Amino acid sequence: MKVVIADTSHIKYAEIICETIAESATVRGTGIARRTPEYIATKMENGNAVIALDGDKFAGFCYIEKWGHGKYVANSGLIVHPDYRGKGLAKKIKHKIFEHSRNKFPDAKVFSITTGLAVMKMNSDLGYKPVPFSELTDDQSFWDGCQTCKNYDVLTRTNRKMCLCTGMLYDPKVKEKKKHKLIKEKVFNRLKHIKETMFLKKNDKK
């Protein structure tokens, strides 16, 4: 099993990817924005997707969408073929697409809207935080993509403030600030420990 960044050689899987996404939504009874094989192929051509393969057999997929002139990116269409579910593959795909997103768009905020508890858990583990829809992209093209979801009427009735999906956001600037704060605290505690040790040694010599 391998999870790799998709390219033009993987376009032959676009049809089965779309079929698997649609079938999964039907089985779970959840809303999902539908995508065409042509749309999936474009993601592969642009290097904005990852695919999981078991030899030559399709196992899973996820792609990147860019919004607001690159200020936001979303990891969308996460799917695992029924033959490979329950084996931790979704988590591997999620981590791969997140890593790819951060490398390709390091300054972008990464967001997700989902009804799936498993996806919410994976997002949380990666550092996403639940947020209101107002903190997500205001790019109209993104929200237009929700029109094929069966819950779209909920989104429109609430004036795009909420839906059955939960909004989650990873902000690299917030994570960087927390990282710097943690480093400063560690340095301070280390210096404090050194000074206390020197003070104790000085007192022992008296």
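That block above? That's the structure.
The rules we used
Residues numbered from 1 in each chain as written. Predicted model: local features only at pLDDT ≥ 70, side-chain atom pairs only at ≥ 80, totals over all residues. Heavy atoms only, no water. Helix = DSSP H or I, 4+ residues; strand = E, 2+ residues; numbered from the N terminus. Areas by Shrake-Rupley, 256 points an atom, 1.4 Å probe, with all protein chains shown as cover. Axes fitted to C-alpha atoms, helices over the stretch in contact; angles between N-to-C directions. Parallel < 35°, antiparallel > 145°, perpendicular 65-115°, else oblique. Left-handed = near helix turned anticlockwise from the far one by under 90°. Contact = heavy atoms within 4.5 Å. Buried < 20%, exposed > 50% of the residue type's maximum accessible area, 1.4 Å probe, protein only. Pairing = 2+ DSSP bridges. Salt bridge = Lys/Arg side-chain N within 4 Å of Asp/Glu carboxyl O. Phe/Tyr/Trp six-rings, centres within 6.5 Å; stacked < 30°, edge-to-face > 60°. Lys NZ or Arg CZ within 6 Å of the ring centre and 35° of its normal. Core = buried A, V, L, I, M, F, W, Y, C linked by side-chain atoms within 4.5 Å.

Points about the overall build of the protein
No. 1: Each helix and strand counted, the protein has seven helices and seven strands in total.
No. 2: For the protein, the accessible area works out to roughly 12,600 Å², and carbon and sulfur atoms hold 55% of it.

Description of the packing of helix α3 (residues 89–104) against helix α4 (residues 117–126)
No. 1: Between α3 and α4, the shortest axis-to-axis distance is 11 Å and the interhelical angle comes to 45°. Of the possible angle classes, the one that applies to α3 and α4 is oblique. As for how α3 packs across α4, the hand of that crossing is right-handed. Residue-level inspection shows Ala90, Lys91, Lys94, His95 and Phe98 of α3 in contact with α4, the latter providing Val119, Met122, Asn123 and Leu126.

Details of unusual backbone geometry
A negative phi angle is the norm for most residues apart from glycine, just as the trans form is the norm for most peptide bonds.
No. 1: Positive phi, close to 55°, is recorded for His69, a residue that is not glycine.
No. 2: Mapped onto the elements, His69 comes out in the loop between β3 (57–67) and β4 (72–80).
No. 3: Accessibility expressed as a relative area gives 86% for His69, which makes it exposed.
No. 4: Non-glycine residue Asn159 carries a positive phi angle of around 60°.
No. 5: Positionally, Asn159 belongs in the loop between α6 (152–157) and β7 (166–170).

Notes on the sheet that holds β3
No. 1: Across the sheet, seven strands lie side by side as β1-β2-β3-β4-β5-β7-β6; this open sheet has mixed pairing. The two strands at the open ends of the sheet, each matched to only one other strand, are β1 (2–5) and β6 (129–130).
No. 2: In the sheet, β3 pairs with β4 via seven bridges, with the strands oriented antiparallel. Bridge pairing links Glu65 to Ala74 in β4.
No. 3: Strand contacts of helix α2 (residues 37–45): β2 (49–54) and β3, with the helix running at about 80° to β3, the strand carrying the most contacts.
No. 4: The sheet strands contacting α3 are β1, β2, β3, β4, β5 (109–114) and β7, and the helix crosses β4 at an angle near 160°.

A short note on the pattern of salt bridges
No. 1: Applying the stated rule across the entire model yields five salt bridges.
No. 2: Close ionic contact of Lys57 with Asp83 constitutes a salt bridge, the shortest N to O distance being 3.0 Å. Placement of the pair is Lys57 in strand β3 and Asp83 in the loop between β4 and α3, with a sequence separation of 26 residues.
No. 3: A relative accessible area of 40% means that Lys57 is categorised as partly exposed.
No. 4: For Asp83, a relative accessible area of 41% gives the class partly exposed.
No. 5: Across the pair Asp125 and Lys121 runs a salt bridge, and its minimum N-O distance is 2.9 Å. Placement of both Asp125 and Lys121 in helix α4 is noted, with a separation of four residues, approximately one turn of the helix.

Considerations on the packing of aromatic side chains
Centre-to-centre distance and the angle between the planes together describe a pair of aromatic rings.
No. 1: This model, assessed by the stated rule, comprises ten aromatic pairs.
No. 2: Sitting over the ring of Tyr39, Arg35 keeps its end group 5.0 Å from the ring centre.

Digging into the nonpolar core
No. 1: Of all hydrophobic cores here, the largest spans 20 residues; its most connected members are Val73, Leu89, Ile93, Phe98, Val110 and Tyr128.
No. 2: Only β2, β3, β4, α3, α4 and β7 provide two or more residues apiece to this core.
No. 3: Sort the elements by how many residues they give to this core and α3 lands first, with four residues.
No. 4: For Val73, the residues in contact, after removing those within four places along its chain, are Ile64, Glu65, Lys66, Ser101, Phe105, Ala108, Lys109, Val110 and Phe111.
No. 5: Judged by nonpolar contacts, the second largest core, of 15 residues, contains Ile17, Met44, Ile51 and Ile79.

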